[in-house]
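# Observations on chain architecture
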Amino acid sequence: MKKSSRKYSFLVLYFISYMSFSFCMTKFTPYLSSLGYDAMYRGIIISGYAITTIVFQLLFGFLSDHFQSVKKLIIVAVAGLGISSVLLFQKGLGMFAAQLLLISLSGGLVNSLCGMYDTWVLGVDHEMQKSLSFIKAFGSVGWALGSVIASQIILKFMYSGLGVSVLILAGLSICNVVFLPDIQSIERKDKIKLQDVLQLFHIPGYTLLVFVLFLMYAVVVANSCTVIDKMIALNATDFEISLKFAFGSLLEIPTYLAGAYLLKKFKAIHLLHFSAAMMTIQFILFALANNAGAMIFISLLQIFSTPIILIASKMIILEISPDYLRNSSQLIALSIFMGVSSLMIPSIAGFFGVHVGFDITLAGVAMLGVLSLILIFWLKHIFHKHNIMME
């Protein structure tokens, strides 16, 4: 496949896949709410996919470096997402245990696939590495459109129709994956072992970087659950909730499109620092908001948060990690900062939201951004001390 055709095929893949991802992730909370679960129980169920995120990303990261392949793992994961989503949105499966299991599977696979797709693009060649930010912009377009389309599907076909839609998009994604190249193999006498992977935590700054990303992603998770809980408490409609997700995703697009320029002009670590500051401001405003319209407007600040975190973190990890652990370094970091935060935040924030109120809870989440701001100064010191230049 020619390089130009390959790039456009990845654009299509991200667009279709992220649309299916949004069908799931933006509707977990409203779906559980429609079944009668309060914020605390919704938080417990949604926290379930954090465990599978951790397990899947650790497993996929190790297997991708061990077998030097990401493409085959993605096909299996996308198929699993389609099947689990169809089962999840059948209201006949009204048992708590069944919903916990299926949300754990579908949510864990979505989070893992987001990381695996990026790792795949980074591993094809240097040209594709430079295109990652641009390609991810089309994922945001798919997510934004999916957020709005999902509401219309639910109106006409109910949640069961949404599950079937995810399955159809998963099938289209697999058809696209088949024709794309796999990652480049790294010449090595012995296959990657667990001891090799553990060496990642001896890299200067890697552990602290993962912890900082954990704090920042905890804020991102709260944006998808606690913010929605407050909107529901403010009597937001399903369309307003979809609009909040759609605006957030659409405004990520300019940042992704400008990603290559931003990384060239500013150091990735500085971009990460700026993102932490903007997320802190955003959540202080969320805590002060008193209507759903204001919360939708505040979501515009997402242009400075999620895309910068994902772009900057991947480039920093790529630079400080050895080539033979390039997949593990990305997915293990994701499994910790994405998985653990997804496990802890929905249930903890749900508990505090019910018992002390959503405003105080959102203000508390903002403090996580403040802590990450402070720790990034320390991270910069470590990189400077070890002559690690984050260009």
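Here's what I pulled together on the structure shown here. Note that the structure is a prediction, hence the values are computed from the model and not measured. (Residues numbered from 1 in each chain as written. Predicted model: local features only at pLDDT ≥ 70, side-chain atom pairs only at ≥ 80, totals over all residues. Heavy atoms only, no water.)

### Considering the pattern of salt bridges
Definition in use: Salt bridges are defined by distance alone: a side-chain nitrogen of Lys or Arg within 4 Å of a carboxyl oxygen of Asp or Glu. Put simply, DSSP marks the helices as runs of H or I at least four residues long and the strands as runs of E at least two long, and each gets a number from the N terminus on. Any residue under 20% of the maximum accessible area for its type is buried, any over 50% is exposed, and the rest in between are partly exposed; the area is computed with a 1.4 Å probe on protein chains only.
Summed over all chains, the structure comprises three salt bridges. Ionic pairing is found between Asp118 and Lys136, a salt bridge with its closest N-O pair at 3.0 Å. Of this pair, Asp118 sits in helix α5 (residues 96-124) while Lys136 is found in helix α6 (residues 126-178), placing the two residues 18 residues apart along the sequence. This pair shows no difference in class: Asp118 is buried, exactly as Lys136 is. The closest approach of N and O atoms between Asp118 and Lys314, which form a salt bridge, is 3.4 Å. Of this pair, Asp118 sits in helix α5 while Lys314 sits in helix α15 (residues 306-320); the two residues are 196 residues apart in sequence, bridging distant segments of the chain. Each of Asp118, Lys136 and Lys314 takes part in a single network of salt bridges with overlapping partners.

### Describing the packing of α15 against helix α16 (residues 326-355)
Inclusion rule: Interaxial angles span 0 to 180 degrees and are taken between N-to-C directions of axes, which are lines fitted to C-alpha atoms, for helices over the stretch in contact. Throughout, the term roughly parallel applies to angles under 35 degrees, roughly antiparallel to angles over 145, roughly perpendicular to angles from 65 to 115, and oblique to all others. Note: crossing handedness is left-handed where the near helix turns anticlockwise from the far helix by less than a right angle, and right-handed where it turns clockwise. Residue contacts are defined here by distance: any two heavy atoms, one from each residue, within 4.5 Å place the two residues in contact. Here the nonpolar group is Ala, Val, Leu, Ile, Met, Phe, Trp, Tyr, Cys and Pro; Asp, Glu, Lys and Arg are the charged ones; every other residue, Gly included, is treated as polar.
Put simply, α15 and α16 touch, their axes get as near as 9 Å, and they point 135° apart. One element, α15, and the other, α16, form an angle in the oblique class. Crossing angle aside, the handedness with which α15 passes α16 is right-handed. Across the interface between the two elements, Lys314, Ile317 and Leu318 from α15 touch Ser329, Gln330, Ala333 and Leu334 from α16. Here the residues of the contact of α15 with α16 are counted per class, giving four nonpolar, two polar and one charged.

### Section: α5
Applied cut-off: One fewer than the residue count of a helix, multiplied by 1.5 Å, yields its expected span.
Between the first and last C-alpha of α5 there are 42 Å, a value that for 29 residues agrees with the 42 Å anticipated at 1.5 Å per step. When you tally the buried positions in α5, you get 24 out of 29 residues, the bulk of the element.

### Observations regarding the environment of Phe23
Tracing the backbone through its elements, the reader meets Phe23 in helix α1 (residues 3-25). Overall, Phe23 belongs to the buried group, its relative accessible area being 3%. Sequence separation between Phe23 and Ala150 is 127 residues; the distance between their C-alpha atoms is 5.7 Å. When sequence neighbours within four positions are dropped, the list of residues in contact with Phe23 reads Phe89, Gly146, Ile149, Ala150, Ile153, Leu162, Ser165, Val166 and Leu169.

### What to know about the state of the cysteines
Quick note on the threshold: In this description, a disulfide is simply a cysteine sulfur pair whose atoms lie within 2.5 Å.
For the coordinates displayed, the defined rule picks out zero disulfides. Cys24 forms no disulfide, and the closest cysteine sulfur to it belongs to Cys114, at a distance of 11 Å. Taking the relative accessible area as the measure of exposure, Cys24 reaches 0% and is therefore buried. Considering cysteine sulfurs only, Cys114 is the nearest to Cys225, which forms no disulfide, with 16 Å between them.

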